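As a plain string of letters, each chain reads:
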Amino acid sequence: MKHDIDLKKQSKTPYLDNYQKYLDGKYTAFDVPGHHQGGIITPFDKVFTHIIYEKDINCPEGMDNLLHPHECIKEAQELYALATNAQYAKFLVNGSTSGILVMLLSVLKAHDKIILPRNVHKSVINGLILSGAFPIFVMPEIDKETEIVNQISFEKWKETIDNNLDAKAIFIINPTYFGATADLKKIVEYAHEKNIIVLVDEAHGSHFYFNSTLPITAMDANADMATLSIHKTGGSLTQSSLLLIKSTLVDIEDVNNAFNLITTTSPSNILLASLDASRKFLVFKGEKEIKKAIDLCAKAKDLINKIDGFRVLDKEYFLSHGCSDYDTTKLVIRIEKLALNGFQVYKILQKQYHIQIELAETNVLLCLFTIGSKEEDIKVLVNALKEISKVYYKEGKRERKLQPFNFSKSVLRPRSAYQGKEVKVKLEESLGYISKEMIMIYPPGIPLIIPGEIITKEILKQLDIYRKKKVNIISKYTNCDFVSCVAEKDDEN
């Protein structure tokens, strides 16, 4: 842990305990969900144990209300806030997507400015559409050796803030998908000097709070709000995340209103219980288990660096490429002198070796080491990479030419473009049009173009490359054969 907490309090699991108490009562169900705690048998039972049905309940008396917590959910959230050095914590059951929407909707109104990196997740663009805010994009540093999008320097943040002192907030990605972190404390301090709110996408850094060797957290850096994907690296179930607030600039009632606007009135109790349980696990075992993941990642690095065609980009590499700090649980593998690109290696690992890595880019692979990783996993991965190397490594092969990607320019607010009249245009004929949609590669879900941006030659070239590589392109029209574009400009709404 990075700060002192009351371990006696943290030993409690108030929501989980109330859940068990309700189940022990063996109530006869006349409420939702309609399966009435396992009163039916479906094909679901062929894959999952029937006990999941038996333990799936709605919101009975004693289980509190996520939208207006005052009992066990309130206590469980308060314990998470104490564990993360926050004033408030709010449980999320629609992933960090919902946390990002809450952050944006609670501080932004139509035409407000927000400064943010161009490599934000699609959920941030959705938040701009919903809020009607205008983005001031800052270009992150692009690693010319790998095409990885890295962090933004403090100097560039400062320059952009100074040129946009009327901005309501800034939005920081910390860490990036690949584990790179910014000079967070310095950026936060400068933004606060200018009375600007700091929001942090900490989706890939929830484990930072529970290991003293990892980079500084958003709350320790005194950011106003942060969203954490506890399910990604903290051990809770998929879709369960956390919103943290510690601010004198943000009204907690505005946060609650935004939260109630986008949160379901039928949250999964199983997801909520997994959040409560994850906090206790991380408080008492996180330091040791995350250290184990760090050590496993280091061991994998040493073994993979001995394989022709692969090289791990470690902390030293990222620090030498403009990053302030680095998440040492991330295993970023550069592909060198292989007759394959990253997407092809990804597919071979999955189909031939039944290895599921996090993602691939043209020149790199990303594997995550977490509290759930095992030492035998390393052997499986290393053996697969050795076999791939034997077949595809070409000694003396020239390095492939890298083509760093440049994002486009916004000429309309995302909401204005999204709500504008549509014209359907063939991809090859869309040069110069204003996009009405987001087009992205998933994962990681960073849009190549967003509503309100001009379609450029560079974007068309990049999309052509991805289509030829048969990468999964997310767009309105199948395989991005057509693009949804703005027919008429209207920036009133």
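Above: the structure in question.
Below is a short write-up of the structure.

Procedures and definitions
- Residues numbered from 1 in each chain as written.
- Predicted model: local features only at pLDDT ≥ 70, side-chain atom pairs only at ≥ 80, totals over all residues.
- Heavy atoms only, no water.
- Salt bridge = Lys/Arg side-chain N within 4 Å of Asp/Glu carboxyl O.
- Buried < 20%, exposed > 50% of the residue type's maximum accessible area, 1.4 Å probe, protein only.
- Patch = residues over 30% accessible without salt bridge, like charges linked within 9 Å, V, L, I, M, F, W, Y side chains within 5 Å.
- Areas by Shrake-Rupley, 256 points an atom, 1.4 Å probe, with all protein chains shown as cover.
- Helix = DSSP H or I, 4+ residues; strand = E, 2+ residues; numbered from the N terminus.
- Contact = heavy atoms within 4.5 Å.
- Lys, Arg positive; Asp, Glu negative; His and termini not counted.
- Charge placed at Lys NZ, Arg CZ, Asp CG, Glu CD.
- Axes fitted to C-alpha atoms, helices over the stretch in contact; angles between N-to-C directions.
- Parallel < 35°, antiparallel > 145°, perpendicular 65-115°, else oblique.
- Left-handed = near helix turned anticlockwise from the far one by under 90°.
- Nonpolar A, V, L, I, M, F, W, Y, C, P; charged D, E, K, R; others polar.
- Disulfide = S-S within 2.5 Å.
- Pairing = 2+ DSSP bridges.
- Phe/Tyr/Trp six-rings, centres within 6.5 Å; stacked < 30°, edge-to-face > 60°.

In this section: the pattern of salt bridges. Taken as a whole, this structure holds 19 salt bridges when the rule is applied. Residue Lys-330 pairs with Asp-327 through a salt bridge whose shortest N-O separation is 2.5 Å. No difference in accessibility class separates Lys-330 from Asp-327, as the two residues are buried. Within this structure, Glu-145, Arg-311, Arg-334 and Glu-336 form a network of salt bridges that share partners.

A cluster of nonpolar residues, Val-47, Phe-48, Ile-51 and Ile-52, forms a patch on the protein surface that exposes about 340 Å² of accessible area. Locating Phe-48 in the fold gives a position in the loop between α3 (44–47) and α4 (51–54).

Let us look at the side chain of Glu-202. By secondary structure assignment, the location of Glu-202 is in the loop between β6 (197–201) and β7 (225–228). Since its relative accessible area comes to 0%, Glu-202 is described here as buried. Sequence-distant contacts of Glu-202, that is, excluding residues within four places in its chain, are made with Asn-174, Tyr-209, Thr-217, Ala-218, Ala-226, Thr-227, Leu-228 and Ser-229.

Next up on the list: a negative patch on the surface. Taken together, Glu-155, Asp-183, Glu-189 and Glu-193 make up a surface patch of like negative charges. Along the chain, Asp-183 turns up in the loop between β5 (180–181) and α9 (184–193).

It is worth spelling out the packing of helix α6 (residues 95–107) against helix α11 (residues 252–262) at this point. Here α6 crosses α11 at 130°, and the two axes come no closer than 8 Å. Taken together, the axes of α6 and α11 lie oblique to each other. In this structure, α6 meets α11 at a crossing whose hand is right-handed. Of α11, the residues touching α6 (which contributes Ser-98, Val-102, Leu-105 and Ser-106) are Asp-254, Val-255, Ala-258, Phe-259, Leu-261 and Ile-262. Per-class residue counts for the contact of α6 with α11 are 7 nonpolar, 2 polar and 1 charged.

Once that is clear, we can look at the state of the cysteines. Here the structure, examined in full by the defined rule, presents 0 disulfides. Here Cys-480 is not cross-linked by a disulfide; its sulfur's nearest cysteine counterpart is in Cys-485, at 9.6 Å.

Bringing the environment of His-36 into the picture now. As for its placement among the helices and strands, His-36 is situated in the loop between α2 (14–24) and α3. When the C-alpha positions of His-36 and Ile-57 are compared, they lie 8.1 Å apart, and in sequence the two are 21 residues distant. Contact partners of His-36, with chain neighbours within four places excluded, come to Ala-29, Phe-30 and Asp-31.

Our focus in this paragraph is the sheet that holds strand β13 (residues 364–368). Strand order in the open sheet formed by 4 strands is β9-β11-β13-β12, with antiparallel pairing between adjacent strands. Of all the strands in the sheet, just β9 (310–313) and β12 (359–360) have a single pairing partner and so form its edges. Relative to strand β11 (residues 330–335), β9 runs antiparallel, the two being bridged by 4 bridges. Bridged to Arg-311 within β11 is Arg-334. Sheet contacts for helix α12 (residues 269–304): β9 and β11; angle to β11, the most-contacted strand, approximately 15°.

A packed helix pair is summarised by two numbers, namely the angle formed by the two axes and the spacing between the axes. Two numbers describe how helix α5 (residues 72–83) lies on α12: the axes approach to 10 Å, and their chain directions differ by 35°. Pair α5 / α12 crosses with left-handed handedness. Counted together, Ile-73, Ala-76, Leu-79, Tyr-80 and Ala-83 of α5 and Leu-272, Leu-275, Asp-276, Ser-278, Arg-279, Leu-282 and Val-283 of α12 form the full contact between these two elements. Broken down by class, the residue content of the contact of α5 with α12 amounts to 9 nonpolar, 1 polar and 2 charged.

So, about the sheet that holds strand β15 (residues 439–441). If you walk across this open sheet you meet the 3 strands as β16-β15-β17, and the pairing is antiparallel. In the strand order of this sheet, the two ends are held by β16 (446–449) and β17 (473–474), each with one partner. Each of β15, β16 and β17 is contacted by helix α17 (residues 457–468), which is oriented at about 125° to β16, the strand it contacts most.

So, on to the packing of aromatic side chains. Going through the model one piece at a time under the given rule, you end up with 10 aromatic pairs. Residues Phe-343 and Tyr-466 carry aromatic rings whose centres are separated by 5.9 Å and whose planes lie at 80° to one another, so their mutual orientation is edge-to-face. Highlighted residues: Phe-343 in helix α14 (residues 342–353) and Tyr-466 in helix α17, separated in sequence by 123 residues. Residues Phe-343 and Tyr-466 agree in their burial class; the two are buried.

The next thing to look at is unusual backbone geometry. Geometrically, the link from Val-32 to Pro-33 is a cis peptide bond, its omega value of 5° lying close to zero. Residue placement: Pro-33 occurs in the loop between α2 and α3. For the peptide bond that leads from Asn-174 to Pro-175, omega is 5°, which places it in the cis range. Tracing the sequence through the fold places Pro-175 in the loop between β4 (169–173) and β5. Positive phi, normally seen in glycine, also occurs at Gln-239, with a value near 95°. Along the chain, Gln-239 falls in the loop between α10 (230–233) and β8 (241–245). For Gln-239, a relative accessible area of 40% puts it in the partly exposed group. The backbone of His-354 shows a phi angle near 55°, a positive value even though the residue is not glycine. By secondary structure assignment, the location of His-354 is in the loop between α14 and β12.

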